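Residues per chain are reported as follows:
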Amino acid sequence: MSSIGLDVKHKHCALYALSADPITFGHINIVERVSRIFDEVIVGVGSNPAKGYLFKLGERLALAKSALSHLPNVRVVAFKGMLMDFALEEGAQVIVKCVRNSVDFNYEQHLHHVGMSQEAGIDTHILFADPELAHISSSVVKGIQLEHGLITQYVPLAVKAALEAKISNQVIIGVTGEMAAGKSTFCKKMV
């Protein structure tokens with residue numbers, strides 16, 4: 001109850017930050033899980049000047065927004081600077097991290113301690129990767145695409161198409177239709 005006698009609902013907000021270069025089904029799974037727990041989830045697509053990105057920030061943001069558009073309580077935004085500062089500015093009470101293995105755990109534990117040193121009062125919550133998705137990473141997806149492998153189990157179709165265009169300089173088109181609709185003639189003209 002507030003001082004004037006009105007019920008005030010406390011909005012629980014979590015922040016999940018990633019480079020989204022590109023967003024994968026592993027990332028999407030974490031955001032879906034977090035969105036069932038918190039009233040609002042902010043997905044922060046970050047820029048680290050020390051990293052070389054395949055996709056520009058606007059492209060990463062657009063692909064992440066597309067992949068998460070089915071979640072009404074999720075907001076995807078770009079950010080620069082320290083994660084803790086961004087979380088504070090956005091009103092997040094928690095930063096959510098995903099851990100796939102012990103290497104991830106040690107790294108995220110180190111970042112948690114650094115974040116706590118900033119005295120912002122924002123805690124870190126760890127979610128373990130779904131075992132069926134724990135092998136997925138943005139780096140793995142880019143490596144598979146570089147070798148023209150199958151990535152449909154790793155990323156949504158829009159991300160797959162963006163990777164094919166960016167890495168392989170190709171666009172894969174499916175042609176469908178009834179018999180005698182002109183599919184073969186159309187495909188011959190495409191070559």
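Residues numbered from 1 in each chain as written. Predicted model: local features only at pLDDT ≥ 70, side-chain atom pairs only at ≥ 80, totals over all residues. Heavy atoms only, no water.

Some points on a nonpolar patch on the surface
For clarity, the cut-off: Excluding any residue in a salt bridge, patches collect residues exceeding 30% relative accessible area, merging like charges within 9 Å and nonpolar Val, Leu, Ile, Met, Phe, Trp and Tyr side chains within 5 Å. The protein chains shown are the only cover counted for residues, whose accessible areas, like all others here, come from Shrake-Rupley with a 1.4 Å probe. Every case where a carboxyl oxygen of Asp or Glu lies within 4 Å of a side-chain nitrogen of Lys or Arg is listed as a salt bridge. The helix and strand labels rest on DSSP assignments: H or I over at least four residues marks a helix, E over at least two residues marks a strand, and numbering proceeds from the N terminus. For every residue, the accessible area obtained with a 1.4 Å probe (protein chains only) is divided by the maximum for its type, and the residue is called buried under 20%, exposed over 50%, and partly exposed between those limits.
A contiguous nonpolar surface patch, about 270 Å² in accessible area, is contributed by Phe105, Ile126 and Phe128. Checked against the element boundaries, Phe128 lands in strand β5 (residues 123–128). Take Phe128: its relative accessible area is 53%, and that puts it in the exposed class.

Quick word on helix α2 (residues 57–67)
Operational definition: What the arc measures is the spread of directions leading from the helix axis to the C-beta atoms. By the convention used here, residues are in contact when the closest approach between their heavy atoms is within 4.5 Å.
Those residues of α2 that sit buried are Arg60, Leu61, Leu63, Ala64 and Ala67. Taken down its axis, α2 places every buried residue within 165 degrees of arc, on the same side. Considering only its buried residues, α2 is in contact with α1 (25–35), β2 (40–47), β3 (74–80) and α6 (157–167).

Description of the packing of aromatic side chains
The relation between two aromatic rings is expressed through the spacing of the ring centres and the mutual angle of the planes. Note the threshold: Pairing of aromatic side chains requires ring centres within 6.5 Å, counting the rings of Phe and Tyr and the six-membered ring of Trp. Pairs whose planes differ by under 30 degrees are stacked, by over 60 edge-to-face, and all others tilted. For a lysine, the NZ atom is tested; for an arginine, the CZ atom; a charge sits over a ring if that atom is within 6 Å of the ring centre and within 35 degrees of the ring normal.
Inspection of every chain in the model, using the stated rule, returns one aromatic pair. Centre to centre, the rings of Phe79 and Phe86 are 4.5 Å apart; their planes meet at 10 degrees, and the pair counts as stacked. Across the pair, exposure class does not vary: Phe79 and Phe86 are buried alike. Here the guanidinium or amino end of Arg60 rests over the ring plane of Tyr53, the centre of that ring lying 3.8 Å away.

Examining the confidence of the model for the protein chain
This is how it is decided: Confidence of the prediction at every residue is given by pLDDT, a number between 0 and 100.
The predicted model of the protein chain averages 86 in pLDDT, with 88% of residues at 70 or higher. Ignoring residues within four places in sequence, the model shows residues 1–9, a span with pLDDT below 50, making four contacts including any to other chains.

Remarks on the layout of surface pockets
Selection rule: Detection works on a 1 Å grid of protein atoms alone, calling trapped sets that fit a 1.4 Å probe cavities and calling open sets with protein on both sides within 12 Å along at least five of seven lines pockets, with lining residues defined by an atom within 4 Å of a point. Grid points are joined across faces, edges and corners, and a volume is the space filled by probe spheres set on the points. Gly falls in the polar group here, along with every residue not listed as nonpolar (Ala, Val, Leu, Ile, Met, Phe, Trp, Tyr, Cys, Pro) or charged (Asp, Glu, Lys, Arg).
The computed volume of the largest pocket comes to approximately 1,300 Å³. Residue lining of the largest pocket: 46 residues in total, with Ala17, Leu18, Lys51, Tyr107 and Glu108 positioned closest to the centre. By residue number, the principal contributor to the lining of the largest pocket is helix α4 (residues 102–116), which donates seven residues. Residue composition of the lining of the largest pocket, grouped by class: 20 nonpolar, 17 polar and nine charged.

Some remarks on the pairing of β3
In the case of a regular strand, side chains alternate between the two sheet surfaces. Put simply, the rule is: We treat two strands as partners when DSSP finds at least two bridges between them.
The pairing of β2 with β3 spans seven bridges and is classified as parallel. Residue pairing across strands places Val45 opposite Ala78, the latter belonging to β3.

Concerning the pairing of β2
Selection rule: With the strands pointing away from the viewer, any crossover whose connection runs clockwise from the first strand over the helix to the second is right-handed.
Within β2, seven of the eight residues are buried, which leaves it mostly tucked inside the rest of the structure. Bridge analysis of strand β1 (residues 13–18) against β2 gives six bridges, and the strand direction is parallel. Bridge assignment links Leu15 to a residue of β2, and that residue is Ile42. Regarding the hand of the β-α-β motif, the stretch spanning β1, α1 and β2 is right-handed. As a crossover connection, the stretch from β2 through α2 into β3 is right-handed.

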